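Coordinate inspection notes
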Amino acid sequence: LNNNFGELPPALISGYVYKDAGNDGIWDGTGAGISGVALTLTGTDDLNNPVNLTVFSDINGRYDFVDLRPGTYTVTEAQPAGYLDGTDTAGTVTSGSTPGTAGNDVISGITLVAGGVSSDNNFGEIVPGGLSGFVYVDANDSGTRQSSETAIPGVTLTLTGTNDLGSITPLTTTSDANGFYEFSDLRPGTYKVTETQPTNYVDGQDTKGNATPIPGSDSTDDISGIVVVSGAVTPNNNFGELLPASIGDRLWLDSNGNGIQDGGELGVIGQTVTLVGGGADGLISTAGDNTTVTTTTDSNGDYAFTGLNPGEEYQVTFSKPGSTEFTTPDATGSNDTNDSDANPSTGAAPIVTLAQGQNNTTIDAGVYTPATISGYVYQDASDDGMRDGGEPGISGVVLTLTGTDGAGNPVTASATTDGNGFYQFGNLPPGTYQVSEAQPAGYLDGQDTAGSTGGNTSSNDVISSIVLVSGATSTENNFGELLPASIGDRLWLDSNGNGIQDGGE
């Protein structure tokens, strides 16, 4: 009796390998299964025999270890290529068995009794996400990339942020020949891309993933709050750049005062030039939102402001050496290349708006040192046209200056001789002048003499064609006058014919 054969119902361990789209550790159904993944069972059965078995997940991602004896087991997953490690979940067990503990790609400590079942020992995997974009020249500064706009290669982009595991280690990449960059194999999370501003460009508008341009992004070079989900690439996180503009030309000594840079005229060295503009609203105003920078003219009188934001207003203001004055502006009318642009009172040039890539080399300024004309009105005792020592001056004589400056503008002035007969016309721009004398009462006209810079005395009481260059001092433009002489006596009746005026005749 009782020659019995005891048998054990087999135990079972099963589960799924799946795409965990929500990254929540919850298997979402067979459509999410990942097939062909190797699962290895290790452990020891009730007979103290080691166990080592391998199966592969089926088309639905399911795997099963069947016909198991009671024992304690571990299931280890071989991480599938093309996926990121997700959440693993220990399964449920039937009565008498003990569920396992989930670790990284492993569920350990599953204890089975005879006929025990441990199911839903699942391995969640994440389909990588990513983000991408372009670095490009935003030709119309719209913040929207057009296919025709020029790519900028070789720009460094840095990725920071947090994913489901916490803060990430920063990653870098570089834009390719098409200006394209991409960060791939990303876990779900929220990220920020920071651009290293490319040289030879100024910052334009940045755009977050096909959205409208980011307000204020032209001063930040980063796009933050980019949400990446499993299995999707967030595109068009774009960085628009602008071709910088520049402005500059020359401060020069306008020797002839014609308001034009003529050949051979020297530059003014070491003078401060100030640029105002590039404010938050792009307009020059009194709102205090403008940028002010300065530079100094070089050995040729040249100056330049480079790397300027296009599409904004700028104004150049020149300083001048203390003894000089600004020359006539806009002497050529519409040709700004060679004429002076500085307001004579303020030194400020007109406001200009710079386009992308524009190098405006038309903003210049001429200066001159004021000239003088002087001389004497004097009693020319020797009537030789030479003002000799001891010949007295004639005071109170009115002299009139007429002429034109180098730019053709009329100039008039008057002066009166002092107690020494001296007169002077000062603070004159370079030009061509004549001095006319009002003939003083009580004198006869003498010889007039052109001064140190020459002139013409062919007209009476006028010295004409006095040519003055910058800083010239024309002296001894003199008007000689003569004291009038007289003659007279008596016609008489010479009663006694002796030829002598006798008394009573």
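Scroll up a little and you will see the structure.
First, a word on scope: everything that follows refers to the structure included in this document. Computed from a predicted model, the values in this text were never measured in an experiment.

Focus on the environment of Leu171
Tracing the sequence through the fold places Leu171 in strand β15 (residues 171-174). Of the residues examined, Leu171 reaches a relative accessible area of 38% and is grouped as partly exposed. Between the alpha carbons of Leu171 and Val193 there is a distance of 9.5 Å; along the sequence they are 22 residues apart. Those residues in contact with Leu171 that sit more than four places away from it in its chain are Leu157, Thr158, Leu159, Phe183 and Leu186.

Points about the nonpolar core
The biggest cluster of nonpolar side chains holds 20 residues, and the ones touching the most others in it are Ile247, Leu308, Val316, Phe318 and Ile363. Breaking this core down by element, the ones donating at least two residues are β22 (245-253), β23 (272-277), β25 (302-308), β26 (313-318) and β30 (365-368). Leaving out residues up to four positions away in the same chain, Val316 has contacts with Ile247, Val273, Thr274, Leu275, Tyr303, Gly347, Ala348, Ala349 and Ile363. Of all hydrophobic cores here, the second largest spans 19 residues; its members include Val397, Leu401, Val411 and Phe425.

Quick notes on the side chain of Asp105
For Asp105, the position within the fold is in the loop between β8 (101-103) and β9 (106-112). Put simply, Asp105 is tucked away with no salt bridge, and the nearest opposite charge, on Arg187, sits 9.2 Å away.

Some words on the pairing of β26
Only one face of β26 is buried, namely the one carrying Tyr314, Val316 and Phe318, since none of Glu313, Gln315 and Thr317 on the opposite face is buried. Direction of pairing for β26 relative to strand β28 (residues 352-353): antiparallel, over a ladder of 2 bridges. The partner of Glu313 across the bridge, within β28, is Thr353.

Quick look at the environment of Gly454
Within the secondary structure, Gly454 is located in the loop between β36 (444-449) and β37 (462-468). On the accessibility criterion, Gly454 (25% relative accessible area) is partly exposed. Sequence separation of Gly454 and Ser464 is 10 residues, and the distance between their C-alpha atoms is 9.0 Å.

Here's the deal with the sheet that holds β8
In a beta sheet, neighbouring strands are held together by backbone hydrogen bonds and run either parallel or antiparallel to one another. A sheet is described by the order of its strands in space; here 5 strands give the open sequence β3-β2-β5-β9-β8, paired in antiparallel fashion. Each having just a single partner strand, β3 (50-56) and β8 make up the two edges of the open sheet. Recorded for the sheet is a direction-independent mean angle of 20° between the axes of neighbouring strands. Bridge analysis of β8 against β9 gives 3 bridges, and the strand direction is antiparallel. Across the sheet, the residue bridging to Ala102 is Ile107, located in β9.

A look at the sheet that holds β37
Pairing within the open sheet is antiparallel, and its 4 strands lie in the order β33-β32-β35-β37. Across the chains shown, the open sheet's two edge strands, defined by having one partner strand only, are β33 (410-416) and β37. Strand-to-strand twist of the sheet, defined as the mean angle between neighbouring strand axes without regard to direction, takes the value 20°. Taken together, the 7 bridges between strand β32 (residues 398-405) and β33 define a ladder with antiparallel strand orientation. Considered in β33, the bridge of Thr404 is made with Pro410.

So, unusual backbone geometry
The backbone of Asn2 sits at a positive phi, close to 60°, despite the residue not being glycine. Its location among the elements puts Asn2 in the segment before β1 (11-19). On the accessibility criterion, Asn2 (66% relative accessible area) is exposed.

Overview of the pattern of salt bridges
One pass over the full model with this rule turns up 4 salt bridges. A salt bridge links Arg187 to Asp164; its shortest N-O distance comes to 2.8 Å. Within this pair, whereas Arg187 is found in the loop between β16 (180-186) and β17 (189-195), its partner Asp164 is found in the loop between β13 (156-163) and β14 (166-167), the two being separated by 23 residues in sequence. Taking relative accessible area as the criterion, Arg187 reaches 13% and is therefore assigned buried.

Cut-off values and rules
Residues numbered from 1 in each chain as written. Predicted model: local features only at pLDDT ≥ 70, side-chain atom pairs only at ≥ 80, totals over all residues. Heavy atoms only, no water. Helix = DSSP H or I, 4+ residues; strand = E, 2+ residues; numbered from the N terminus. Buried < 20%, exposed > 50% of the residue type's maximum accessible area, 1.4 Å probe, protein only. Contact = heavy atoms within 4.5 Å. Core = buried A, V, L, I, M, F, W, Y, C linked by side-chain atoms within 4.5 Å. Lys, Arg positive; Asp, Glu negative; His and termini not counted. Salt bridge = Lys/Arg side-chain N within 4 Å of Asp/Glu carboxyl O. Pairing = 2+ DSSP bridges. Axes fitted to C-alpha atoms, helices over the stretch in contact; angles between N-to-C directions.

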